Structures are given as structure tokens and as C-alpha cells.
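Structural overview
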Amino acid sequence: MTTGENTAAEPELSYEEAREELATVVRRLESGGLTLKESLALWERGEELAKTCEAWLEGARAKLAAALAEDAPGEDGDTPF
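First, a word on what this report is: a plain description of the structure on this page. (Residues numbered from 1 in each chain as written. Predicted model: local features only at pLDDT ≥ 70, side-chain atom pairs only at ≥ 80, totals over all residues. Heavy atoms only, no water.)

1. Focus on the packing of helix α2 (residues 15–31) against helix α3 (residues 36–71)
Two elements in contact, α2 and α3, have axes whose closest approach is 9 Å; the angle formed by their N-to-C orientations is 150 degrees. Judged by the inter-axis angle, α2 sits roughly antiparallel to α3. α3 is crossed by α2, and the crossing has left-handed handedness. Seen from α2, the contacting residues are Tyr-15, Ala-18, Arg-19, Glu-21, Leu-22, Val-25, Arg-28 and Leu-29; seen from α3, they are Ser-39, Leu-42, Trp-43, Arg-45, Gly-46, Leu-49, Ala-50, Thr-52, Cys-53, Trp-56 and Leu-57. Partitioned by chemical class, the residues of the contact of α2 with α3 number 12 nonpolar, three polar and four charged. (Axes fitted to C-alpha atoms, helices over the stretch in contact; angles between N-to-C directions. Helix = DSSP H or I, 4+ residues; strand = E, 2+ residues; numbered from the N terminus. Parallel < 35°, antiparallel > 145°, perpendicular 65-115°, else oblique. Left-handed = near helix turned anticlockwise from the far one by under 90°. Contact = heavy atoms within 4.5 Å. Nonpolar A, V, L, I, M, F, W, Y, C, P; charged D, E, K, R; others polar.)

Put into C-alpha cells, the structure is as follows:
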């Protein structure tokens, strides 16, 4: 990831790639045996990956809400999302 701004707008990793790397980070943190510096670096990477996943999910929710709004003419546009 190059910048935090780019992450929010358009993540470099796909959702699946970010989720898989996040799972790896969690496994490494849970396994223990890391120095504090290593643990902190992994934690920070995990936070970045979680934000990337959330950005993908928010984009998907927005697309779904827009599609539902288009398919329901005459309604007030409120969706449960």
C-alpha cells in the first residue's frame, strides 16, 4: 500500500488477498514468540488490512444499495444497509 488516501478510495489488494493476509497476520500474532517490535509491526499491518477489507465491503454495500434502489421505483429509497 502506498498511501492511506489511496487505500480508502481504491485498495491495491483484492478483498480476498487482504483477508487472507489478515488471517496470516492473526495466526502469527496468536502463535507468540515474537518480539514487541515484530508484534507491533504485525498489528499495524493487520489494521491496514482490516481497513482494506472494510473499504471493499463498504463499496459492495453501496453498489448493492444502489442496485436495490434502481429495482424499487416509487419507494422512498431507504434500504436496510
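2. Observations regarding the nonpolar core
Of all hydrophobic cores here, the largest spans six residues; its members are Leu-13, Ala-18, Val-25, Leu-42, Leu-49 and Cys-53. Mapped by element, the contributors of at least two residues to this core are α2 and α3. By residue number, the principal contributor to this core is α3, which donates three residues. The contact partners of Cys-53, leaving out residues within four places of it in the chain, are Tyr-15, Ala-18 and Arg-19. (Core = buried A, V, L, I, M, F, W, Y, C linked by side-chain atoms within 4.5 Å. Buried < 20%, exposed > 50% of the residue type's maximum accessible area, 1.4 Å probe, protein only.)

3. Describing the environment of Val-25
Residue placement: Val-25 occurs in helix α2. Among residues more than four places away in sequence, those in contact with Val-25 are Leu-42, Arg-45, Gly-46 and Leu-49.

4. Focus: the pattern of salt bridges
Scanning the model with the defined rule gives five salt bridges in all. We note a salt bridge from Arg-61 to Glu-58, for which the minimum N-O separation is 2.6 Å. Of this pair, Arg-61 and Glu-58 both sit in helix α3, three residues apart, which is roughly one turn of the helix. When its relative accessible area of 36% is taken as the criterion, Arg-61 is described as partly exposed. Note on Glu-58: relative accessible area 41%, which makes it partly exposed. Within this structure, Glu-21, Arg-45 and Glu-48 form a network of salt bridges that share partners. (Salt bridge = Lys/Arg side-chain N within 4 Å of Asp/Glu carboxyl O.)

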